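Summary of the model geometry
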Amino acid sequence: MISRRGFIRGVSGGVLATGALARSGASLGAWEGGQVIAPTLSIAHLKPSGPLDEAYWWRVRSQFNILDGMTFMNNGTEGPVPRVVLEANERVFREIAENPSNNYRREEVDEVRALVAGFMGAEAGEIALTRSTTEGMNIFTHGLDLKAGDEVVYCNHEHGGGIGCITTLAKRIGIKPVVIEIPSPPQSVDQIVGLYEKAITPRTRFIMVSHMTYVTGLITPIKELADLAHRRGLLISVDGAHPLGMMDLDMKAMNVDHYAAAGQKWLMCGTGTGVCYIRRDIQDRVWPLMGPPGDPKDGAKKYEAFGQRDVPSVLGMTAAVEMQKAIGKPNIEARVRALSTRFRTGLKAIPGVKMWTSEDPLFAAGLTLFSVRDIPMANVQQAILSRDRIYIRTMTTGNLNACRAATHIYNLPSEVDHLLDSIRHVSENASRYMTTAAQ
Ligand SMILES: Cc1ncc(COP(=O)(O)O)c(C=O)c1O
């Protein structure tokens, strides 16, 4: 369990004595309301200048105001916001609150769009800045000219944010959802692609698929599924709520038609931020959800005609993306994977634990789903929270009785080990937790 107070203890104990924070000359913290606040570093100070050792990751961790004493491991729902982003949000909120005459800040929003596009391997004209993944999923599905009998293929582990618009259109105009069962864990890329291929009929219009499922954290073979879709004359719509900010993404390399992502999860820009990529050459087939039909020269901006927006959050995305660029996309993905591999390796050694997430790095990164014997998941989650102040989430989808833990760049190996100890305690004391989460 690492707190900001712990961070400072680490500093005084010499953890950072030779680190770049010390070299930077930045002060090591100040007491504020009984808590030590580590200094906000400039984004440039997060650029690795030496080995990516634990001293470096301490420095990254010091830039998050995570509740003192809490180990937060549910980034898959919403990530904590690093201070550079928080401060950018606060600054713009104040500026607009005090002087609303320049409330739209259109040029700056365009700059965010261009920055996000570059970060994802897209063109600015292919990016709409949305309010959530769900909005991005709706933009695509509701934007197509679908008719009764058209089929959409997706799997049983898709999120309601992507499914909702399909079930609405099923009820409203009679499109047909075709739902396949995805194995947990799968055996191979061919097995997954084969399941989708078998479900395609002459009436299929598109495949809807999560790049990483929210249930088991399965990474689906998006490029192979995109190739399959295109071979069969279909479109592919990707629910990318998780990978943005966790994995090194490139839209062009994946060859997808549509990719909806969240800002509040792994990119850590706070609620009300999202990104919707729509490939330039299919934009004439996707109507805007709101507003006028749009002019081709506006590109994906035509999908943003939802009126006044939360400009401070949107402009705050710049700091989030710049921070990730400074750390380095491949470094972030490698760190997320190293922590979750440590977690999965530890889980396997705990008697009574079943892991639903694949051990193969091809199929898993920052999310891990597990069950502890037959203990009700709410008891497992509550016991871990109240005994050890570690926050993870429960998972019921597909009648699972499981818990999901996430690892991101602000997490530390010691936190992973702490969670493993906590799970081991619950498993060893199973009879106590069958009916209650009490200690
Ligand atoms: C895979 C997946 N898709 C969609 C969503 C919905 O995200 P948002 O709140 O950004 O719409 C989530 C949220 O947890 C998710 O995990």
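Because the structure is a prediction, the values reported are computed rather than measured.

We now examine the sheet that holds strand E11 (residues 353-355). The sheet built from 4 strands is open, its strands ordered E11-E12-E15-E14 with antiparallel pairing. The open sheet has two edge strands, E11 and strand E14 (393-395), and neither has a second partner. Here the strands of the sheet are splayed against their neighbours by 35° on average, with no regard to which way each runs. Here 3 bridges tie E14 to strand E15 (residues 402-406), and the two strands are oriented antiparallel to one another. Note on E15: the bridge partner recorded for Arg 393 is Arg 404. Helix H14 (residues 413-428) rests against E11, strand E12 (367-372) and E15 of the sheet, and its axis sits at about 20° to E12.

Each packed pair of helices is defined by two parameters, the angle between the axes and the distance between the axes. Where helix H5 (residues 106-120) contacts helix H11 (residues 311-327), the two axes come as close as 9 Å, and the packing angle between them is 30°. When the interaxial angle is binned, H5 and H11 end up roughly parallel. The crossing of H5 and H11 is left-handed. Where H5 abuts H11, its residues Glu 108, Val 109, Val 112, Leu 115, Val 116 and Phe 119 lie against Val 314, Leu 315, Met 317, Thr 318, Val 321 and Lys 325.

A cis amide bond links Ser 184 with the next residue in sequence, Pro 185, at an omega value of -5°. By secondary structure assignment, the location of Pro 185 is in the loop between strand E6 (176-180) and helix H8 (189-199). Phi is positive for Met 268, which is not a glycine, with a value near 60°. Residue Met 268 is classed as buried on the basis of its C-beta count, with 27 C-beta atoms lying within 10 Å.

Right, let's talk about the sheet that holds strand E10 (residues 274-278) for a bit. Strand order across the open sheet formed by 7 strands is E4-E10-E9-E8-E7-E5-E6, with mixed pairing between neighbours. Whereas interior strands pair on both sides, the edge strands pair on one side only; in this sheet they are strand E4 (127-130) and E6. Across this sheet, the average inter-strand angle for adjacent strands is 20°, counted without regard to direction.

On to the packing of H8 against helix H9 (residues 222-231). For the pair H8 and H9, the least separation of the axes is 10 Å and the interaxial angle reads 30°. The element H8 and its partner H9 pack so that their crossing is right-handed. On the side of H8, the interface is formed by Val 189, Val 193, Tyr 196 and Glu 197, while H9 contributes Glu 224, Leu 225 and Leu 228. Looking at the contact of H8 with H9 residue by residue, the class counts come to 5 nonpolar, no polar and 2 charged.

Here we take up the site of the ligand. In the region of the ligand, 14 residues are neighbours, and Ser 132, Thr 134, His 159, Gly 161 and Tyr 214 sit closest. Contributing elements (two or more residues each) for the shell around the ligand: helix H6 (133-143) and helix H7 (160-173).

A regular strand places its side chains so that they alternate between the two faces of the sheet. Most of strand E8 (residues 235-240) is tucked away: 6 of the 6 residues are buried. In E8, alternate side chains face the same way, and those of Leu 235, Ser 237 and Asp 239 on one face and Ile 236, Val 238 and Gly 240 on the other are all buried. For the crossover from strand E7 (residues 204-210) across H9 to E8, the handedness is right-handed.

Rules used throughout
Residues numbered from 1 in each chain as written. Predicted model: local features only at pLDDT ≥ 70, side-chain atom pairs only at ≥ 80, totals over all residues. Pairing = 2+ DSSP bridges. Helix = DSSP H or I, 4+ residues; strand = E, 2+ residues; numbered from the N terminus. Axes fitted to C-alpha atoms, helices over the stretch in contact; angles between N-to-C directions. Contact = placed C-beta atoms within 7 Å. Parallel < 35°, antiparallel > 145°, perpendicular 65-115°, else oblique. Left-handed = near helix turned anticlockwise from the far one by under 90°. Buried ≥ 20, exposed ≤ 12 C-beta atoms within 10 Å, placed from the backbone. Nonpolar A, V, L, I, M, F, W, Y, C, P; charged D, E, K, R; others polar. Near = placed C-beta within 6 Å. Right-handed = clockwise from strand over helix to strand, strands pointing away.

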